[in-house]
Amino acid sequence: MSQSGHKLTSIDTLLTEEREFKPTAKFQAQANANDQEIYEKATSNPEAFWERYARELVWRKPWDKVLDWNPPDSKWFVGGKLNITESCLDVHIKTDARNKAALIWEGEPGDKRTLTYWDLYREVCRFANALKSLGVKKGDRVALYMPMIPELVIAVLSCARIGAIHSVVFGGFSAEALSERINDAEAKVLITADGGYRRGQIVQLKHDADEALKDCPSIEHVVVVKRGNFPIHFQENRDHWWHRLIDEADFNCPAEEMDSEDPLYILYTSGTTGKPKGIMHTIAGYLVGVYATTKLVFDLKPNDCYWCTADIGWVTGHSYIVYGPLSNGATQVMYEGAPNWPDPDRVWKIVENHGVTVFYTAPTAIRAFMKWGEKWTVKHDLSSLRLLGTVGEPINPEAWMWYHKHIGGEKCPIVDTWWQTETGHIMIAPLPGLITTKPGSATQPFPSIKAAILDDDGNEVEHGGGYLAILEPWPGMLRTIWGDHDRYIETYWSKWKNIYFPGDGAKIDKDSYYWILGRIDDVINVAGHRLSTMEIESALVDHNSVVESAVVGITHELKGQGIVAFVTVGGDIRTSPELVDILKAHVVKKIGALARPEQIIFAHDLPKTRSGKIMRRLLRDIASGSVLGDVTTLADPTVVEELKRKYEED
Ligand code: PRX
């Protein structure tokens, strides 16, 4: 059901985007995937496609069977034995990559550390032994609540080394959110830090962890990294300093032999309702999926310097900071703090200083860079960049063009990657040497992935909008929701028979390109036409005064729903009643009178989750004068309060 309660047969698609960008011959010639045949072959034999990449990884015992599909349960690389850390570490220390930088880390205050593959291997072994000394065994859950420091990568891999299941909780979450997640997973150990740095402030992780642990009976030990010189409370017998534990630990830690289908991690994701879902991934299929997608979509080469700006608290960090790049033997940059600290050019300074070649970020960050303006990008030499990526939300075509022009110097392919915590790895994205890109489109499914646009009854929509669906299993798919298999079936597999329902709207164009239209709950129904928020927002962002916008539907006597647009303008733009009229007219020109907003509210900022997604649900509450729903996942709660005031004044 769409938000308005109508049955959704399709979504009307009104915005058209004609610009196209072909891969250059030069890029194509050097690309990891440069033969169109890869698509045909993968379609005709998906299992053989994945097997090819599985063979490039380290196994203790090869699999007997690639896929066992018993809908909605899948098993991949059945009978295989492995330890994921052997593909991320041990394999590289036997090659020329041994002394190559694995992590080039920068703290927010400017401190720097570089760990080679050899260093990382040794630190992981040491900390894995430290975990063992605390009684952690295969199958135990370990919660991590940490800043973006190398110890977070080390801790994740140490868990995997001994077969413990990691559950990383984003360091920006509250004590309450942390304890809920610890309790759901019944974690035995918590790894945290005294604190971390964000916008020049200290994030009091240990303080919040102590609060959380008042109500977490399963926790036996807490390991604390000393990130700064922050005063903390230390509970004897329960709390241990990381540096003391590793001091006593051996550098040699043989990896635990695991089954392909043993759990690797749990990662909690919150929907609009209900308690967070513990998305559970298993080892082998996930590894093969992140390895192959990293190699082909990011086109990584041994001499690349890759930087994914996500936090490891989100799936993007799990798949495309930890497991994907490390299994590919990549060199990567990792940064602790805010992108605009101490100035809005921090990110570009890092790109220039380290000669970053492949850069992966989110549309929300790109829109912030646009808002801060080009004066910050021109200060730096960004010519080392050769490929750009985006993930997390639909990217408005104008934001895509800005990224292309001001960051990519009009020479870098952009890979817009659609996927989810649940899918584990990239599902729809261009292979940069093969696919012509269109601003705002995630383009084509990754080789072997079978996607479609369906209506409520499961009929395929050949051109136009509807629900995005995945028709066949894929290796990195979630296996369950931790402790609640019924909810797994209900949430993802009950809309149509044996077809995965991701919860997103999408449209498909004449070239079979996919355009993700956002969460289906955000669809607006104006006079019987179902409009995607994404298209109206993109029409607004298309105007040169606007950098970000969020639209929501409110009840309208005549039309069913009317459109309210919240709009953030560029740094030096003055808002005025005339601008309201200009923007309304602009939407009409781009999309049509149907999409004309009833109201435009200028907003200094929009309410976003801590991972940067706009929370339209709260804007709907504001626009319809309802009591605000759950605000606990908001990055900055003051933003909604200010908007509410502003809306009431208007
Ligand atoms: O709505 C889609 C949006 O983000 C959702 C998944 O969020 P999460 O599990 O937090 O994972 C984010 C990182 C993979 C999707 O259901 N989304 C993600 N990538 C895109 C996107 N929407 C449009 N285009 C994308 N490239």
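Everything quoted here is computed from the prediction, not taken from an experiment.

The rules behind the values
Residues numbered from 1 in each chain as written. Predicted model: local features only at pLDDT ≥ 70, side-chain atom pairs only at ≥ 80, totals over all residues. Heavy atoms only, no water. Phe/Tyr/Trp six-rings, centres within 6.5 Å; stacked < 30°, edge-to-face > 60°. Helix = DSSP H or I, 4+ residues; strand = E, 2+ residues; numbered from the N terminus. Buried < 20%, exposed > 50% of the residue type's maximum accessible area, 1.4 Å probe, protein only. Lys NZ or Arg CZ within 6 Å of the ring centre and 35° of its normal. 1 Å grid on protein atoms, 1.4 Å probe; cavity = no way out; pocket = protein on both sides within 12 Å on 5 of 7 lines; lining within 4 Å. Points joined across faces, edges and corners; volume = space filled by probe spheres on them. Nonpolar A, V, L, I, M, F, W, Y, C, P; charged D, E, K, R; others polar. Pairing = 2+ DSSP bridges. Near = heavy atom within 4 Å. Polar contact = N/O pair within 3.5 Å; in protein donor to acceptor, adjacent residues only side chain to side chain. Areas by Shrake-Rupley, 256 points an atom, 1.4 Å probe, with all protein chains shown as cover. Salt bridge = Lys/Arg side-chain N within 4 Å of Asp/Glu carboxyl O. Axes fitted to C-alpha atoms, helices over the stretch in contact; angles between N-to-C directions. Parallel < 35°, antiparallel > 145°, perpendicular 65-115°, else oblique. Contact = heavy atoms within 4.5 Å. Core = buried A, V, L, I, M, F, W, Y, C linked by side-chain atoms within 4.5 Å.

Asks: Pulling in residues and values, what's your account of the packing of aromatic side chains?
Replies: Tallied over the entire structure, the rule returns 37 aromatic pairs. When the ring of Phe-127 is compared with that of Trp-242, the centres are 3.7 Å apart and the planes differ by 10°; the resulting orientation is stacked. Separated by 115 residues along the polypeptide, Phe-127 in helix H5 (residues 117–133) and Trp-242 in helix H9 (residues 242–247) bring together distant segments of the chain. Here Trp-242 falls in the buried class, since its relative accessible area comes to 4%. Of the aromatic side chains, those joined through ring pairs into one cluster are Trp-69, Trp-474, Tyr-488, Tyr-492, Trp-493 and Tyr-500. Across the ring face of Trp-105, the terminal group of Arg-113 is positioned such that the distance to the ring centre comes to 6.0 Å. Over the ring of Phe-173 we find Arg-181, and its NZ or CZ is 4.5 Å from the ring centre.

Asks: Go over the layout of surface pockets, please, and point to the residues and values.
Replies: Its boundaries defined by the atoms lining it, the second largest pocket holds a volume of some 630 Å³. Considering the residues around the second largest pocket, the lining is formed by 30 residues, among which Thr-43, Pro-445, Ile-449, Lys-450 and Ala-451 are closest to the centre. Sorting the residues of the lining of the second largest pocket by element identifies helix H2 (37–44), helix H3 (46–54) and strand S21 (451–454) as the ones contributing at least two each. Residues belonging to the lining of the second largest pocket are distributed by class as follows: 20 nonpolar, 5 polar and 5 charged.

Asks: Let's hear about the pairing of strand S25 (residues 514–519): which residues, and what values?
Replies: Counted residue by residue, S25 has 5 buried out of 6 residues, so it is predominantly covered. Where strand S24 (residues 504–508) meets S25, 5 bridges bridge the pair, whose relative direction is antiparallel. Paired with Ile-508 across the bridge in S25 is Tyr-514. Linking S24 to S25, which pair antiparallel, is a turn of 5 residues; within it Ser-512 sits at a positive phi near 60°.

Asks: Describe in detail the site of the ligand, supporting the description with residues and values.
Replies: Around the ligand, the surrounding shell holds 16 residues, and the nearest of these are Asp-416, Thr-417, Gln-420, Thr-421 and Asp-504. Contact distances for the ligand include 2.9 Å between an oxygen atom and a side-chain N or O atom of Arg-519. With respect to the ligand, the side chain of Lys-613 contributes an N or O atom lying 3.1 Å from an oxygen atom. Burial of the ligand by the protein amounts to 90% of the accessible area it has alone, namely 550 Å². At the level of secondary structure, the elements contributing two or more residues to the shell around the ligand comprise helix H11 (315–327), strand S20 (414–417) and S25.

Asks: Give me the lowdown on the pattern of salt bridges, citing residues and values where you can.
Replies: Within this structure, the stated rule accounts for 42 salt bridges. The partner of Glu-261 in a salt bridge is Arg-479, with the nearest N and O atoms 2.9 Å apart. Highlighted residues: Glu-261 in the loop between strand S13 (258–259) and strand S14 (263–269) and Arg-479 in the loop between strand S22 (464–470) and strand S23 (480–481), separated in sequence by 218 residues. Like Arg-479, Glu-261 is buried. Salt bridges here are not isolated pairs; linked through shared partners, they connect Arg-367, Glu-393, Glu-548, Asp-605 and Lys-608.

Asks: How would you summarise the packing of helix H6 (residues 150–162) against H11 if you had to cite specific residues and measurements?
Replies: What describes two packed helices is the angle between their axes and the distance between those same axes. Look at H6 against H11: their axes get within 10 Å of each other, and the N-to-C directions meet at 70°. Here H11 runs roughly perpendicular to H6, going by the angle between their axes. Of H11, the residues touching H6 (which contributes Val-153, Val-156, Leu-157 and Ala-160) are Val-322, Tyr-323 and Leu-326.

Asks: Can you break down the nonpolar core residue by residue, with the values?
Replies: Leu-120, Ile-191 and Tyr-323 are the most contacted members of the largest nonpolar core, which has 147 residues in total. With 10 residues, helix H10 (residues 283–297) is the single largest residue contributor to this core. Each residue touching Ile-191, except ones within four places of it in the same chain, is listed here: Phe-127, Leu-131, Val-142, Ala-143, Leu-144, Tyr-145, Met-146, Ala-155, Val-223 and Trp-242. One finds Val-333, Phe-359, Ile-395 and Trp-402 within the second-largest nonpolar core, a separate group that totals 29 residues.

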